Amino acid sequence: MSALEKYETGLKGGEVGKGRKLFFGKAFCSSCHAVIGQGGDFGPDLTNIGEIRSQHDILEAILYHNASLAREYETSKVVTKTTSYTGIIKQQLPEAMVLETGVGFSVSVARSDIQRIEPQRHLIDTSRP
């Protein structure tokens, strides 16, 4: 039995209040994700996540963040002539690309400086739960 299956068999309902407290508190989910307009915008808005994902998918996303990423939140490595940046491509402008490298941090990279763009498998640490 996988770790995910063990957690899944142990689930018995839930309490919205306790979940909200974790989401906006000690679990730090809201630093990247929003629910009903509250929280961060580094990751996808999770307001309607229960309508589009199964309980299994949601548990997997919580335990293994990078198991499945929404396309617009996939991580890329942008390599320039002098350095490289890893993050989420937020804007494609005619003269530059805006890359969000962390919560509240972004960099504009001139297209003329870009040597290559490499898709990345991970941005955040998935070594837990």
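Residues numbered from 1 in each chain as written. Predicted model: local features only at pLDDT ≥ 70, side-chain atom pairs only at ≥ 80, totals over all residues. Heavy atoms only, no water.

J.: I would appreciate a short explanation of the packing of aromatic side chains in the present structure.
T.: For any pair of aromatic rings, the description rests on two quantities: the centre-to-centre distance and the angle between the ring planes. Tallied over the entire structure, the rule returns one aromatic pair. Note on phenylalanine 23 and phenylalanine 24: the rings are 4.9 Å apart at their centroids and 75° apart in plane angle, and the pair reads as edge-to-face. Look at phenylalanine 24 and you get partly exposed, because its relative accessible area is 32%. (Phe/Tyr/Trp six-rings, centres within 6.5 Å; stacked < 30°, edge-to-face > 60°. Buried < 20%, exposed > 50% of the residue type's maximum accessible area, 1.4 Å probe, protein only.)

J.: Whenever I open this one, the nonpolar core confuses me. Can you help?
T.: One recurring pattern in soluble globular proteins is that nonpolar side chains are buried together. Counting residues in each nonpolar core, the largest one holds six residues, listed as Val78, Met97, Leu99, Val107, Val109 and Ile114. Residue assignment for this core shows that the elements contributing at least two residues are strand E5 (96–102) and strand E6 (105–110). Setting aside its immediate chain neighbours within four residues, methionine 97 contacts Val78, Ile89, Gln91, Gln92, Val107, Ser108, Val109, Arg111, Ile114 and Ile117. (Core = buried A, V, L, I, M, F, W, Y, C linked by side-chain atoms within 4.5 Å. Helix = DSSP H or I, 4+ residues; strand = E, 2+ residues; numbered from the N terminus. Contact = heavy atoms within 4.5 Å.)

J.: What is the right way to look at the sheet that holds strand E7 (residues 114–120) in this model?
T.: Backbone hydrogen bonds hold the strands of a sheet together, and the pairing may be parallel or antiparallel. A sheet is described by the order of its strands in space; here five strands give the open sequence E6-E5-E4-E3-E7, paired in antiparallel fashion. Bordering the open sheet on either side are E6 and E7, each of which pairs with just one other strand. Going across the sheet, the axis of each strand differs from the next one's by a mean of 45°, ignoring polarity. The sheet contact formed by strand E3 (residues 75–80) and strand E4 (residues 84–92) spans five bridges and is antiparallel. Opposite lysine 77, over in E4, you have threonine 86 as the bridge partner. (Pairing = 2+ DSSP bridges. Axes fitted to C-alpha atoms, helices over the stretch in contact; angles between N-to-C directions.)

J.: How should the confidence of the model for the protein chain be read in this particular structure?
T.: Predicted coordinates in areas of low pLDDT are best not read in detail. Across the protein chain, the average pLDDT comes to 86, with 92% of residues at or above 70. When pLDDT is averaged over each helix and strand of the protein chain, the minimum, 82, is found for helix H1 (residues 3–9) and the maximum, 96, for E6. Counting interchain partners and residues more than four positions distant, the pLDDT-below-50 stretch residues 123–129 has 17 contacts. (pLDDT = per-residue confidence, 0-100.)

J.: Help me understand unusual backbone geometry, please; the structure alone is not making it clear to me.
T.: Negative phi is the rule for most residues except glycine; trans is the rule for most peptide bonds. Positive phi values are uncommon outside glycine, yet phenylalanine 28 reaches one of about 60°. Along the chain, phenylalanine 28 turns up in the loop between helix H2 (16–24) and strand E1 (34–35). Phi is positive for isoleucine 36, which is not a glycine, with a value near 50°. Structurally, isoleucine 36 is set in the loop between E1 and strand E2 (38–39).

J.: Please clarify how the pattern of salt bridges should be interpreted in this entry.
T.: Between side chains of opposite charge, a pair can form when the charged atoms approach closely. One pass over the structure, following the stated rule, counts three salt bridges. Across the pair glutamate 100 and lysine 90 runs a salt bridge, and its minimum N-O distance is 3.5 Å. Taken together, the positions of glutamate 100 in strand E5 and lysine 90 in strand E4 put the pair 10 residues apart, joining distant regions of the chain. With a shortest N-O distance of 2.5 Å, arginine 116 and glutamate 118 are connected by a salt bridge. (Salt bridge = Lys/Arg side-chain N within 4 Å of Asp/Glu carboxyl O.)

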